[in-house]
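Architecture and fold: a report
Okay, here's what each chain looks like letter by letter:
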Amino acid sequence: MLIIGEKLNSSIPSVRQFIKDKDSAAVQDLALRQVAAGADYLDLNTAQGDEVSDMEWLVQTVQEVTDAPICLDSTSALAIKKGLEMVKGDKSRVLVNSVSLENNRLEEVLPLVLEYHCSVIALTLNDSGIPKTAAERIQLTEQLVEILTKKDYDLAKLYVDPLVLPQAISYSNATMFFQCLKEIKQLFNVKTVSGLSNISFNTPKRKIMNRHFLTFCMAYGMDAAILDPMDRKIMTSVITNDFLLGNDRFGKKYLKAYRGGVLED
Ligand code: THG
């Protein structure tokens, strides 16, 4: 499974402060530690602050120390545009997070995704919000796939995020999410992704919920997750699950993690 490192997120108070202070060393340290821990992408989220200038600064600062692919996490089309412009080298390696059927998100962001041939996360969301049922989310996925197909977008680069809602709000939220993961793959043969941690909102011992939820998501074929790769327990779950699910031939990665002292009982 693909790992998108979540730590460079402006909603985390310490990170918000690093961005405010233009503390390059702190941001670069978080970037490098996530890459060392196994992040395939680095999510850069600027929701709290001046999105455009923060995104430009984050992209530049991170790319000074690593070539790891960037995931631009913003609802501002302009921040995504400026972020893309700042990216050095092959811009088709960027993952745009995200588009949806909400407002003008598709109209404004899709042209950028098409121009640079980026990967993209599409949320199953429209102007009425997040649908309550799996069937409605599947329908939104169908609409998104149809639009992207018409634009000749390479669907292999699409990640659908069916959006996790807290289990504390409805006891069927997790099973509904698993159904979405399964059906989106079955019906459209596209990849899926999630941010995981919403599942445990308002629940004690959140990390237990997040890890067990992750295991089910992987069993239902989820292709990518936005998580903290420096959390050894969740990484132990990812690595063990990949081995069990047949995604790690000869257990090469499992053994490498074992030797590197990553695996935790
Ligand atoms: N889908 C998509 N994008 C997303 C989300 C999603 N982007 C933002 C968010 N959800 C995923 N990113 C984060 C980043 C940080 C935290 C949660 C989700 C977070 N971090 C705390 C910290 O680092 O201090 C706590 C970490 C912990 O204790 O485990 O809470 O759903 N497409």
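Scope of this entry: the structure provided in the associated data block. Values in this document were obtained by computation on a predicted structure and should not be read as measured data. (Residues numbered from 1 in each chain as written. Predicted model: local features only at pLDDT ≥ 70, side-chain atom pairs only at ≥ 80, totals over all residues. Heavy atoms only, no water.)

Another point: the side chain of N210. For N210, the location among the structural elements is in helix α8 (residues 206-219). If we skip the residues at most four places from it in the chain, N210 touches L196, S197, I199 and S200. (Helix = DSSP H or I, 4+ residues; strand = E, 2+ residues; numbered from the N terminus. Contact = heavy atoms within 4.5 Å.)

Compared with the 18 Å implied by 1.5 Å per residue over 13 residues, the 18 Å span of helix α9 (residues 232-244) between its first and last C-alpha is a close match. At its buried positions, α9 is contacted by β1 (2-5), α8, β8 (224-227) and α10 (252-259). (Expected span 1.5 Å × (residues − 1).)

What follows is about the pattern of salt bridges. Under the definition given, this model contains 7 salt bridges. The salt bridge partner of D231 is K207, with a shortest N-O separation of 3.8 Å. Residue D231 is found in the loop between β8 and α9, and its partner K207 is found in helix α8; the two are separated by 24 residues along the sequence. (Salt bridge = Lys/Arg side-chain N within 4 Å of Asp/Glu carboxyl O.)

Before going further, it helps to spend a moment on the pairing of β8. Side chains A224 and I226 project from β8 onto one buried face, and the interleaved A225 and L227 project onto a second face that is buried too. For β1 and β8, the ladder comprises 4 bridges, and the chain directions are parallel. Note that in β8 the partner of L2 across the bridge is A224. (Buried < 20%, exposed > 50% of the residue type's maximum accessible area, 1.4 Å probe, protein only. Pairing = 2+ DSSP bridges.)

Take the sheet that holds strand β5 (residues 119-126) next. Read around the closed barrel, 8 strands run β1-β2-β3-β4-β5-β6-β7-β8, paired in parallel fashion. Within this sheet the neighbouring strands show an average axis-to-axis angle of 30 degrees, counted without direction. One ladder, built from 4 bridges, connects β5 with strand β6 (residues 158-161); its direction is parallel. Bridge pairing in β6 places A122 opposite V160. Contacts between helix α7 (residues 173-188) and the sheet are confined to β6 and β7 (191-194), with β7 contributing the most and set at about 155 degrees to the helix. (Axes fitted to C-alpha atoms, helices over the stretch in contact; angles between N-to-C directions.)

Around the ligand sit 13 residues, and of these K7, D73, N97, D161 and K207 come closest. A distance of 2.8 Å is found between a nitrogen atom of the ligand and a side-chain nitrogen or oxygen belonging to D73. Look at the ligand: alone it shows 670 Å² of surface, and the protein chains cover 68% of it. Grouping the constituent residues of the shell around the ligand by class yields 4 nonpolar, 4 polar and 5 charged. (Near = heavy atom within 4 Å. Polar contact = N/O pair within 3.5 Å; in protein donor to acceptor, adjacent residues only side chain to side chain. Areas by Shrake-Rupley, 256 points an atom, 1.4 Å probe, with all protein chains shown as cover. Nonpolar A, V, L, I, M, F, W, Y, C, P; charged D, E, K, R; others polar.)

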